[in-house]
Amino acid sequence: MRFCGPLPRQRLRGSDIAPLLPNGRSRAIPVTAEREKRRARRAPSEQPPPGAATFPGAGAGSARQFRHGTKASLPRGGTAAGFLQTEVQWYTSGLSGPPGAGKSTFIECFGKMLTERGHKVSVLAVDPSSSTSGGSLLGDKTRMTELSRDMNAYIRPSPTRGTLGGVTRTTNEAILLCEGGGYDVVLVETVGVGQSEFAVADMVDMFILLLPPAGGDELQGIKRGIIEMADLVAVNKADGDLIVPARRIQAEYVSAMKLLRKRSKVWRPKVMRISAKTGEGISDMWDKMTEFRDLMLTSGELIAKRRKQQKVWMWNLIQENMLEHFRSHLAVKDKIPLLEEKVLSGVLSPGLAADLLLKAFKDGL
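Because the structure is predicted, anything quoted here is derived from the model rather than measured.

A few points about the overall build of the protein chain
Stage number 1. Of the regular secondary structure elements, the protein chain holds 13 helices and 10 strands.
Stage number 2. The buried share among the 365 residues of the protein chain stands at 41%.
Stage number 3. Look at the contacts in the protein chain between residues 6 or more apart in sequence, and 72% of them connect residues 24 or more apart.
Stage number 4. As displayed, the protein chain offers around 20,500 Å² of accessible surface, 56% of which is attributable to carbon and sulfur atoms.

Quick notes on the side chain of threonine 92
Stage number 1. Residue placement: threonine 92 occurs in strand β4 (residues 91–96).
Stage number 2. Looking at threonine 92, the relative accessible area reads 2%, which means it is buried.
Stage number 3. In contact with threonine 92, other than residues within four places in its own chain, are Ile175, Glu179, Val186, Met203, Val204, Asp205 and Met206.

Considering the pattern of salt bridges
Stage number 1. One pass over the full model with this rule turns up eight salt bridges.
Stage number 2. Between aspartate 150 and lysine 112 there is a salt bridge whose closest N-O contact spans 3.4 Å. Here the residue aspartate 150 occupies a position in the loop between α5 (145–148) and β6 (153–159), and lysine 112 occupies one in helix α3 (residues 103–116), the gap between them amounting to 38 residues.
Stage number 3. In this structure aspartate 150 comes out as buried when scored by relative accessible area, which is 12%.
Stage number 4. Here glutamate 252 makes a salt bridge to arginine 248, at a shortest N to O gap of 3.4 Å.

Reading guide: rules and limits
- Residues numbered from 1 in each chain as written.
- Predicted model: local features only at pLDDT ≥ 70, side-chain atom pairs only at ≥ 80, totals over all residues.
- Heavy atoms only, no water.
- Helix = DSSP H or I, 4+ residues; strand = E, 2+ residues; numbered from the N terminus.
- Buried < 20%, exposed > 50% of the residue type's maximum accessible area, 1.4 Å probe, protein only.
- Contact = heavy atoms within 4.5 Å.
- Areas by Shrake-Rupley, 256 points an atom, 1.4 Å probe, with all protein chains shown as cover.
- Salt bridge = Lys/Arg side-chain N within 4 Å of Asp/Glu carboxyl O.

Here it is in structure tokens:
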């Protein structure tokens, strides 16, 4: 049977549309089950590997675009993660540090070095959202002028939108998309950190802490909970008049790291000096990162770490979704404004109001 004119979109494939007829009308052939089987046998490499995660709408066309690292396909590529290989083919690093440590300058210098060596680099930069207006500056891409023009680099700034931990809720999914897009090095830059904003450590292979030369003594370093999560500490801006302070802070943090509990059997956190301005120490830092990856991969700790991170992220999503479900539940939805007003007026304590809402929620289940 021959069909003329357009058919429903879901029934057509690009290779099934015949050339235009002399009268200008297109001729389309309906897709049959036998033709689909023949196409699958001819292109087995376009099928997702066994055990790989799949997403609704995943197709061979999107997989092809992501494997070639098409920049335009990343923002709308909700299917790339379905074609991730089960073996380790990429490397993710989280980068944190206080404001003014030179994170953006370091990423541009570091990223340019990697692209010149043939790597494909993806940068997921996170900016804090204003608690007053809700807006975010998203200025990291503007700072990285050279790297943003590099065809082998992809920069995606994102606002936190009130999410705690220095990252956004969708950062983990964005990492998967970049990995599926063929970017073998993924850098996640978080907002300026305090003592608890290091959620990025639960979604990357290696956590790097970037410090300015005037970062405080070793006691101040231990007080920051973030120092315990760092796999590599880099003292930036070690150039000019800051070389001596950088050496001093490096020595103090080396002694501070010795007091911390060892988290890996094969790796002990390193402290080194770098200068993103002059490029000194950047190549040595990449050598340390590859050494960390090789040791962790050989020992099996890297695979175990990734599996544990997936479990942590699952519970994080459950907590967020449960709060949304609680707020929208019929048993408490109408009571929340009333109890909030009583708490504001001082009639009820916050703890008693929370107990009343929880009890109403349990009774309504």
